[in-house]
Amino acid sequence: MSALSLKKYRRIAVKIGSALLVDRTAGLKREWLQSMADDIGRLAHDGAEVLVVSSGAIALGRTILGLGRKALKLEESQAAAAVGQIALAGAWSEALGRHELKSGQILLTLGDTEERRRYLNARATISTLLKMQAVPVINENDTVATTEIRYGDNDRLAARVATMMGADLLVLLSDIDGLYTAPPARDPNAEFIPMVDRITPEIEAMAGAAASELSRGGMRTKLDAGKIATAAGTAMIITAGTRLSPLGAIERGERFTLFKPSPHPVKGYKTWIAGQLEPAGRLTVDTGAVKALMSGKSLLPAGVKAVAGNFARGDTVAILSPEGFEIARGLVAYDAADAVRIAGRKTVEIETVLGYEARSAMIHRDDLVVSHAGAFGD
(Lines give C-alpha, C1' and ligand atoms only; values in the text may rest on other atoms or scores of the structure.)
Protein backbone atom coordinates (compact mmCIF):
# COMPACT_ATOMS: atom_id res chain seq x y z
CA MET A 1 0.00 0.00 0.00
CA SER A 2 1.38 3.40 -0.97
CA ALA A 3 1.09 6.57 1.06
CA LEU A 4 -2.42 7.86 1.67
CA SER A 5 -3.20 11.55 2.12
CA LEU A 6 -5.68 12.08 4.95
CA LYS A 7 -6.51 15.57 3.71
CA LYS A 8 -9.29 14.21 1.50
CA TYR A 9 -11.26 13.08 4.57
CA ARG A 10 -13.56 15.72 6.07
CA ARG A 11 -14.23 13.97 9.38
CA ILE A 12 -11.91 11.37 10.92
CA ALA A 13 -12.44 9.18 13.99
CA VAL A 14 -9.33 7.70 15.60
CA LYS A 15 -9.39 4.84 18.09
CA ILE A 16 -6.47 4.54 20.49
CA GLY A 17 -5.91 1.41 22.57
CA SER A 18 -4.80 1.29 26.20
CA ALA A 19 -1.40 -0.27 25.47
CA LEU A 20 -0.49 2.64 23.19
CA LEU A 21 -1.22 5.27 25.83
CA VAL A 22 -0.22 3.59 29.07
CA ASP A 23 2.95 1.83 30.18
CA ARG A 24 2.20 -0.84 32.78
CA THR A 25 4.84 0.53 35.17
CA ALA A 26 5.60 4.12 34.14
CA GLY A 27 2.03 5.23 33.46
CA LEU A 28 1.05 7.66 30.70
CA LYS A 29 3.26 7.68 27.59
CA ARG A 30 3.49 11.44 27.29
CA GLU A 31 5.85 11.56 24.30
CA TRP A 32 3.55 9.31 22.29
CA LEU A 33 0.47 11.28 23.33
CA GLN A 34 2.06 14.54 22.25
CA SER A 35 3.02 13.08 18.87
CA MET A 36 -0.60 11.98 18.44
CA ALA A 37 -1.77 15.48 19.36
CA ASP A 38 0.67 16.86 16.79
CA ASP A 39 -1.00 14.69 14.13
CA ILE A 40 -4.46 15.83 15.19
CA GLY A 41 -3.37 19.45 15.27
CA ARG A 42 -2.01 19.24 11.74
CA LEU A 43 -5.22 17.65 10.43
CA ALA A 44 -7.39 20.16 12.27
CA HIS A 45 -5.47 23.12 10.89
CA ASP A 46 -5.89 21.61 7.40
CA GLY A 47 -9.66 21.75 7.92
CA ALA A 48 -10.50 18.22 9.10
CA GLU A 49 -12.70 17.43 12.10
CA VAL A 50 -11.13 14.79 14.34
CA LEU A 51 -12.83 12.65 16.98
CA VAL A 52 -10.74 10.59 19.39
CA VAL A 53 -11.97 7.36 20.97
CA SER A 54 -9.40 6.89 23.70
CA SER A 55 -9.01 3.82 25.88
CA GLY A 56 -6.73 3.83 28.87
CA ALA A 57 -8.75 5.07 31.86
CA ILE A 58 -8.60 1.79 33.81
CA ALA A 59 -4.99 1.08 32.82
CA LEU A 60 -3.89 4.57 33.84
CA GLY A 61 -5.97 4.57 37.01
CA ARG A 62 -4.56 1.27 38.22
CA THR A 63 -1.04 2.65 37.70
CA ILE A 64 -1.84 5.81 39.65
CA LEU A 65 -3.44 3.78 42.45
CA GLY A 66 -0.57 1.27 42.53
CA LEU A 67 -2.78 -1.73 41.81
CA GLY A 68 -0.09 -3.52 39.81
CA ARG A 69 -0.96 -6.35 37.44
CA LYS A 70 -3.36 -8.26 39.67
CA ALA A 71 -6.80 -9.17 38.38
CA LEU A 72 -9.20 -6.46 39.48
CA LYS A 73 -12.65 -6.93 40.96
CA LEU A 74 -15.44 -5.03 39.22
CA GLU A 75 -15.53 -2.30 41.86
CA GLU A 76 -11.73 -1.94 41.69
CA SER A 77 -11.86 -1.53 37.91
CA GLN A 78 -14.57 1.09 38.28
CA ALA A 79 -12.55 2.95 40.90
CA ALA A 80 -9.45 2.81 38.70
CA ALA A 81 -11.52 4.18 35.82
CA ALA A 82 -12.73 7.07 37.97
CA VAL A 83 -9.15 8.07 38.78
CA GLY A 84 -7.88 7.39 35.28
CA GLN A 85 -10.60 9.36 33.51
CA ILE A 86 -9.58 12.60 35.23
CA ALA A 87 -5.91 12.08 34.49
CA LEU A 88 -6.56 11.05 30.89
CA ALA A 89 -8.86 13.99 30.16
CA GLY A 90 -6.30 16.40 31.62
CA ALA A 91 -3.50 14.89 29.56
CA TRP A 92 -5.50 15.20 26.32
CA SER A 93 -6.48 18.77 27.16
CA GLU A 94 -2.86 19.72 27.76
CA ALA A 95 -1.50 17.96 24.66
CA LEU A 96 -4.14 19.40 22.30
CA GLY A 97 -3.89 22.80 23.94
CA ARG A 98 -0.37 23.16 22.59
CA HIS A 99 -1.99 23.37 19.16
CA GLU A 100 -4.59 25.86 20.40
CA LEU A 101 -7.23 23.15 20.25
CA LYS A 102 -9.94 22.72 22.87
CA SER A 103 -11.11 19.28 23.91
CA GLY A 104 -14.23 17.86 25.51
CA GLN A 105 -14.70 14.55 27.29
CA ILE A 106 -17.64 12.32 26.37
CA LEU A 107 -18.25 9.18 28.45
CA LEU A 108 -20.70 6.74 26.88
CA THR A 109 -22.46 3.64 28.09
CA LEU A 110 -23.92 0.97 25.83
CA GLY A 111 -27.41 2.44 26.10
CA ASP A 112 -26.19 5.79 24.80
CA THR A 113 -25.76 4.35 21.31
CA GLU A 114 -28.25 1.46 21.37
CA GLU A 115 -31.31 3.42 22.60
CA ARG A 116 -32.56 5.79 19.92
CA ARG A 117 -33.30 8.86 22.10
CA ARG A 118 -29.95 8.69 23.90
CA TYR A 119 -28.19 8.05 20.58
CA LEU A 120 -29.63 11.28 19.18
CA ASN A 121 -28.67 13.17 22.33
CA ALA A 122 -25.07 11.91 22.20
CA ARG A 123 -24.86 12.79 18.51
CA ALA A 124 -26.13 16.31 19.17
CA THR A 125 -23.57 16.87 21.93
CA ILE A 126 -20.64 15.67 19.83
CA SER A 127 -21.87 17.67 16.83
CA THR A 128 -21.95 20.83 18.95
CA LEU A 129 -18.40 20.23 20.14
CA LEU A 130 -17.23 19.87 16.55
CA LYS A 131 -19.04 23.07 15.53
CA MET A 132 -17.20 24.82 18.34
CA GLN A 133 -13.93 23.43 16.92
CA ALA A 134 -13.29 21.30 19.99
CA VAL A 135 -11.90 17.77 19.74
CA PRO A 136 -14.28 15.23 21.34
CA VAL A 137 -12.36 12.68 23.42
CA ILE A 138 -14.69 9.72 23.84
CA ASN A 139 -14.47 6.64 26.02
CA GLU A 140 -16.76 4.06 27.52
CA ASN A 141 -17.88 5.09 31.00
CA ASP A 142 -16.08 2.31 32.83
CA THR A 143 -17.03 3.75 36.23
CA VAL A 144 -20.58 2.43 35.81
CA ALA A 145 -20.35 -0.17 33.02
CA THR A 146 -20.61 -3.84 33.95
CA THR A 147 -19.96 -7.01 31.99
CA GLU A 148 -23.63 -7.28 31.08
CA ILE A 149 -24.01 -3.68 29.88
CA ARG A 150 -20.83 -2.70 28.12
CA TYR A 151 -19.40 -2.48 24.62
CA GLY A 152 -16.63 -4.86 25.65
CA ASP A 153 -14.07 -3.17 23.40
CA ASN A 154 -13.39 0.29 22.05
CA ASP A 155 -13.06 -0.92 18.45
CA ARG A 156 -16.79 -1.38 18.11
CA LEU A 157 -17.46 1.74 20.18
CA ALA A 158 -15.26 3.69 17.77
CA ALA A 159 -17.16 2.29 14.78
CA ARG A 160 -20.47 3.16 16.40
CA VAL A 161 -19.28 6.71 17.08
CA ALA A 162 -17.82 7.08 13.58
CA THR A 163 -21.06 6.05 11.90
CA MET A 164 -23.20 8.04 14.32
CA MET A 165 -21.23 11.17 13.40
CA GLY A 166 -21.00 10.44 9.67
CA ALA A 167 -17.21 10.17 9.68
CA ASP A 168 -15.51 9.59 6.33
CA LEU A 169 -12.70 7.56 7.89
CA LEU A 170 -12.16 5.45 10.98
CA VAL A 171 -8.56 4.73 11.98
CA LEU A 172 -7.97 1.87 14.44
CA LEU A 173 -4.51 2.22 15.97
CA SER A 174 -3.28 -1.14 17.15
CA ASP A 175 -0.16 -3.05 18.14
CA ILE A 176 -0.26 -4.67 14.69
CA ASP A 177 0.23 -2.83 11.40
CA GLY A 178 -2.77 -4.26 9.56
CA LEU A 179 -4.61 -7.40 8.56
CA TYR A 180 -2.76 -10.63 7.76
CA THR A 181 -3.95 -13.95 6.37
CA ALA A 182 -3.29 -15.39 9.85
CA PRO A 183 -2.07 -13.98 13.19
CA PRO A 184 1.58 -13.17 12.34
CA ALA A 185 2.76 -13.80 15.90
CA ARG A 186 1.77 -17.45 15.51
CA ASP A 187 2.26 -18.01 11.79
CA PRO A 188 5.55 -16.82 10.21
CA ASN A 189 4.06 -17.43 6.76
CA ALA A 190 1.16 -15.05 7.30
CA GLU A 191 0.78 -12.62 4.41
CA PHE A 192 -0.07 -8.94 4.76
CA ILE A 193 -3.30 -7.70 3.13
CA PRO A 194 -3.06 -4.02 2.10
CA MET A 195 -6.67 -3.54 1.00
CA VAL A 196 -10.03 -5.18 1.68
CA ASP A 197 -12.91 -4.51 -0.69
CA ARG A 198 -15.45 -6.35 1.45
CA ILE A 199 -15.37 -8.21 4.77
CA THR A 200 -16.26 -11.77 3.81
CA PRO A 201 -16.36 -14.93 5.95
CA GLU A 202 -12.91 -15.75 4.54
CA ILE A 203 -11.58 -12.40 5.78
CA GLU A 204 -13.18 -12.96 9.19
CA ALA A 205 -11.54 -16.37 9.46
CA MET A 206 -8.15 -14.66 9.42
CA ALA A 207 -8.85 -12.89 12.73
CA GLY A 208 -7.16 -14.01 15.93
CA ALA A 209 -7.98 -13.42 19.60
CA ALA A 210 -6.88 -10.50 21.79
CA ALA A 211 -3.10 -10.25 22.01
CA SER A 212 -2.55 -7.55 24.65
CA GLU A 213 -3.28 -7.79 28.35
CA LEU A 214 -4.12 -4.09 28.50
CA SER A 215 -6.75 -4.17 25.77
CA ARG A 216 -9.89 -6.26 25.39
CA GLY A 217 -9.95 -6.21 21.61
CA GLY A 218 -8.27 -8.37 19.01
CA MET A 219 -8.43 -8.55 15.24
CA ARG A 220 -11.88 -10.11 15.50
CA THR A 221 -13.33 -7.00 17.16
CA LYS A 222 -11.60 -4.83 14.56
CA LEU A 223 -13.34 -6.71 11.78
CA ASP A 224 -16.63 -6.36 13.66
CA ALA A 225 -15.92 -2.63 13.76
CA GLY A 226 -15.13 -2.74 10.05
CA LYS A 227 -18.51 -4.25 9.23
CA ILE A 228 -20.30 -1.51 11.16
CA ALA A 229 -18.20 1.27 9.64
CA THR A 230 -18.10 0.18 6.02
CA ALA A 231 -21.83 -0.60 5.94
CA ALA A 232 -22.48 3.07 6.74
CA GLY A 233 -20.08 4.35 4.08
CA THR A 234 -17.11 4.96 6.37
CA ALA A 235 -13.69 3.78 5.19
CA MET A 236 -11.52 2.10 7.84
CA ILE A 237 -7.79 1.74 8.38
CA ILE A 238 -6.00 -0.64 10.71
CA THR A 239 -2.41 0.35 11.36
CA ALA A 240 0.30 0.24 14.01
CA GLY A 241 -0.01 2.88 16.68
CA THR A 242 3.20 1.92 18.43
CA ARG A 243 5.29 4.38 16.40
CA LEU A 244 5.30 8.11 17.08
CA SER A 245 2.97 10.25 14.94
CA PRO A 246 1.00 7.22 13.71
CA LEU A 247 -1.34 9.24 11.49
CA GLY A 248 1.63 10.88 9.83
CA ALA A 249 3.04 7.39 9.27
CA ILE A 250 0.01 6.56 7.11
CA GLU A 251 0.76 9.57 4.95
CA ARG A 252 4.44 8.60 4.77
CA GLY A 253 3.47 5.24 3.28
CA GLU A 254 4.17 3.01 6.27
CA ARG A 255 2.14 -0.19 6.32
CA PHE A 256 -1.63 -0.18 6.90
CA THR A 257 -4.74 -2.02 5.72
CA LEU A 258 -7.52 0.00 4.09
CA PHE A 259 -11.09 -1.29 4.20
CA LYS A 260 -13.24 0.25 1.48
CA PRO A 261 -16.68 1.61 2.35
CA SER A 262 -19.75 -0.15 0.96
CA PRO A 263 -20.86 1.09 -2.47
CA HIS A 264 -24.43 0.93 -1.10
CA PRO A 265 -24.15 2.53 2.36
CA VAL A 266 -27.08 2.86 4.71
CA LYS A 267 -27.87 6.42 5.76
CA GLY A 268 -29.65 8.40 8.44
CA TYR A 269 -32.09 6.51 10.67
CA LYS A 270 -31.04 3.18 9.17
CA THR A 271 -27.42 3.77 10.18
CA TRP A 272 -28.54 3.41 13.79
CA ILE A 273 -30.34 0.15 13.01
CA ALA A 274 -27.44 -1.33 11.04
CA GLY A 275 -24.90 -0.43 13.73
CA GLN A 276 -26.66 -2.14 16.64
CA LEU A 277 -23.95 -4.18 18.32
CA GLU A 278 -25.97 -7.15 19.52
CA PRO A 279 -29.39 -7.93 17.98
CA ALA A 280 -31.99 -8.78 20.62
CA GLY A 281 -33.16 -11.78 18.62
CA ARG A 282 -33.05 -13.63 15.31
CA LEU A 283 -35.66 -14.49 12.70
CA THR A 284 -34.88 -17.26 10.21
CA VAL A 285 -36.78 -16.82 6.95
CA ASP A 286 -37.49 -18.88 3.86
CA THR A 287 -36.11 -18.32 0.35
CA GLY A 288 -39.25 -16.46 -0.74
CA ALA A 289 -38.80 -13.96 2.07
CA VAL A 290 -35.12 -13.53 1.15
CA LYS A 291 -36.11 -12.56 -2.40
CA ALA A 292 -38.79 -10.20 -1.09
CA LEU A 293 -36.35 -8.47 1.25
CA MET A 294 -33.75 -8.10 -1.48
CA SER A 295 -36.35 -6.42 -3.68
CA GLY A 296 -37.14 -3.85 -0.99
CA LYS A 297 -40.27 -5.35 0.56
CA SER A 298 -41.28 -5.74 4.20
CA LEU A 299 -40.88 -9.00 6.11
CA LEU A 300 -44.26 -10.69 6.54
CA PRO A 301 -44.96 -13.35 9.19
CA ALA A 302 -45.60 -15.95 6.47
CA GLY A 303 -41.92 -15.92 5.51
CA VAL A 304 -40.62 -16.47 9.06
CA LYS A 305 -39.67 -20.07 9.83
CA ALA A 306 -38.02 -19.75 13.25
CA VAL A 307 -37.84 -17.19 16.07
CA ALA A 308 -35.02 -16.96 18.63
CA GLY A 309 -34.38 -14.54 21.47
CA ASN A 310 -36.34 -12.73 24.16
CA PHE A 311 -37.02 -9.46 22.38
CA ALA A 312 -39.66 -6.77 22.75
CA ARG A 313 -41.52 -4.79 20.12
CA GLY A 314 -39.21 -2.13 18.68
CA ASP A 315 -35.99 -4.07 19.39
CA THR A 316 -33.44 -4.70 16.67
CA VAL A 317 -33.39 -8.29 15.42
CA ALA A 318 -31.24 -10.06 12.86
CA ILE A 319 -32.83 -11.76 9.86
CA LEU A 320 -31.16 -15.01 8.81
CA SER A 321 -31.33 -16.88 5.52
CA PRO A 322 -32.30 -20.59 5.51
CA GLU A 323 -28.54 -21.32 5.55
CA GLY A 324 -28.09 -19.28 8.73
CA PHE A 325 -26.37 -16.22 7.21
CA GLU A 326 -27.39 -12.78 8.41
CA ILE A 327 -28.95 -10.90 5.51
CA ALA A 328 -30.68 -7.97 7.22
CA ARG A 329 -31.54 -6.20 10.45
CA GLY A 330 -34.66 -4.40 11.47
CA LEU A 331 -36.95 -3.15 14.22
CA VAL A 332 -39.45 -5.89 14.96
CA ALA A 333 -43.15 -5.03 15.30
CA TYR A 334 -43.93 -7.83 17.79
CA ASP A 335 -42.76 -9.16 21.12
CA ALA A 336 -40.99 -12.52 20.89
CA ALA A 337 -43.96 -14.50 22.26
CA ASP A 338 -46.34 -13.11 19.65
CA ALA A 339 -43.74 -13.45 16.89
CA VAL A 340 -43.53 -17.17 17.67
CA ARG A 341 -47.32 -17.50 17.49
CA ILE A 342 -47.69 -15.86 14.07
CA ALA A 343 -44.50 -17.13 12.41
CA GLY A 344 -45.41 -18.86 9.15
CA ARG A 345 -48.98 -17.51 9.24
CA LYS A 346 -50.70 -15.55 6.48
CA THR A 347 -51.51 -11.90 7.13
CA VAL A 348 -55.28 -12.57 7.29
CA GLU A 349 -54.72 -15.04 10.14
CA ILE A 350 -52.84 -12.67 12.47
CA GLU A 351 -55.88 -11.14 14.20
CA THR A 352 -57.44 -14.54 14.78
CA VAL A 353 -54.24 -15.98 16.25
CA LEU A 354 -53.42 -13.04 18.51
CA GLY A 355 -56.95 -11.93 19.37
CA TYR A 356 -56.35 -8.30 18.42
CA GLU A 357 -55.79 -6.26 15.26
CA ALA A 358 -52.06 -5.95 14.61
CA ARG A 359 -49.52 -4.90 12.00
CA SER A 360 -49.37 -6.92 8.81
CA ALA A 361 -45.55 -6.85 8.67
CA MET A 362 -43.23 -8.52 11.13
CA ILE A 363 -40.68 -5.84 10.14
CA HIS A 364 -41.72 -2.94 7.92
CA ARG A 365 -39.36 -2.04 5.10
CA ASP A 366 -38.92 1.48 6.54
CA ASP A 367 -37.42 -0.11 9.66
CA LEU A 368 -35.26 -2.65 7.84
CA VAL A 369 -31.70 -2.63 6.50
CA VAL A 370 -30.72 -5.29 3.96
CA SER A 371 -27.09 -6.37 3.69
CA HIS A 372 -26.68 -5.79 -0.04
CA ALA A 373 -22.90 -6.02 0.13
CA GLY A 374 -22.23 -8.15 3.18
CA ALA A 375 -22.67 -5.31 5.67
CA PHE A 376 -23.16 -7.77 8.51
CA GLY A 377 -21.19 -10.68 7.11
CA ASP A 378 -22.53 -13.57 5.10
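Residues numbered from 1 in each chain as written. Predicted model: local features only at pLDDT ≥ 70, side-chain atom pairs only at ≥ 80, totals over all residues. Heavy atoms only, no water.

Is there a simple way to think about helix α2 (residues 30–45) in this case?
Think of an α-helix as 3.6 residues a turn; residues three or four steps apart then line up on the same face. With 16 residues, α2 extends 22 Å between its outermost C-alpha atoms, agreeing within 8% with the 22 Å of an ideal straight helix rising 1.5 Å per residue. For α2, the complete set of buried residues consists of W32, L33, Q34, S35, M36, A37, D39, I40, G41 and L43. One or two positions beyond α2, positive phi appears at G47, with a value near 105°. (Helix = DSSP H or I, 4+ residues; strand = E, 2+ residues; numbered from the N terminus. Expected span 1.5 Å × (residues − 1). Buried < 20%, exposed > 50% of the residue type's maximum accessible area, 1.4 Å probe, protein only.)

So what exactly am I meant to see when it comes to helix α7 (residues 154–164) here?
When you tally the buried positions in α7, you get 11 out of 11 residues, the bulk of the element. Buried within α7 are the following residues: N154, D155, R156, L157, A158, A159, R160, V161, A162, T163 and M164. Trailing α7 by a residue or two, G166 shows a phi angle of about 65°, which is positive.

So what exactly am I meant to see when it comes to the packing of aromatic side chains here?
For any pair of aromatic rings, geometry is given as the distance between the ring centres together with the angle between the planes. Under the criterion given, the structure shown has two aromatic pairs. When the centroid spacing of 6.3 Å and the interplanar angle of 55° are considered together, the rings of Y119 and W272 count as tilted. Taken together, the residues Y119 in helix α6 (residues 116–131) and W272 in helix α11 (residues 269–274) connect sequence positions 153 residues apart. In this structure, Y119 and W272 share a single accessibility class: buried. Both rings, one in Y180 and one in F192, keep their centres 5.4 Å apart while their planes meet at 70°; by these two values the pair is edge-to-face. You can see Y180 sitting in strand β8 (residues 179–180) and its partner F192 sitting in strand β9 (residues 192–193), a full 12 residues away along the chain. (Phe/Tyr/Trp six-rings, centres within 6.5 Å; stacked < 30°, edge-to-face > 60°.)

I tried to follow empty space enclosed by the protein on my own but got confused; where do I start?
Left-over empty space is what a probe sized like a water molecule reveals as it rolls over the atoms. Within this structure, the stated rule accounts for one cavity of 30 Å³ or more. The computed volume of the largest cavity comes to approximately 80 Å³. Among the secondary structure elements, those contributing two or more residues to the lining of the largest cavity are α4 (74–97), β5 (102–108) and β6 (134–140). Per element, the largest residue contribution to the lining of the largest cavity is four residues, and it comes from α4. (1 Å grid on protein atoms, 1.4 Å probe; cavity = no way out; pocket = protein on both sides within 12 Å on 5 of 7 lines; lining within 4 Å. Points joined across faces, edges and corners; volume = space filled by probe spheres on them.)

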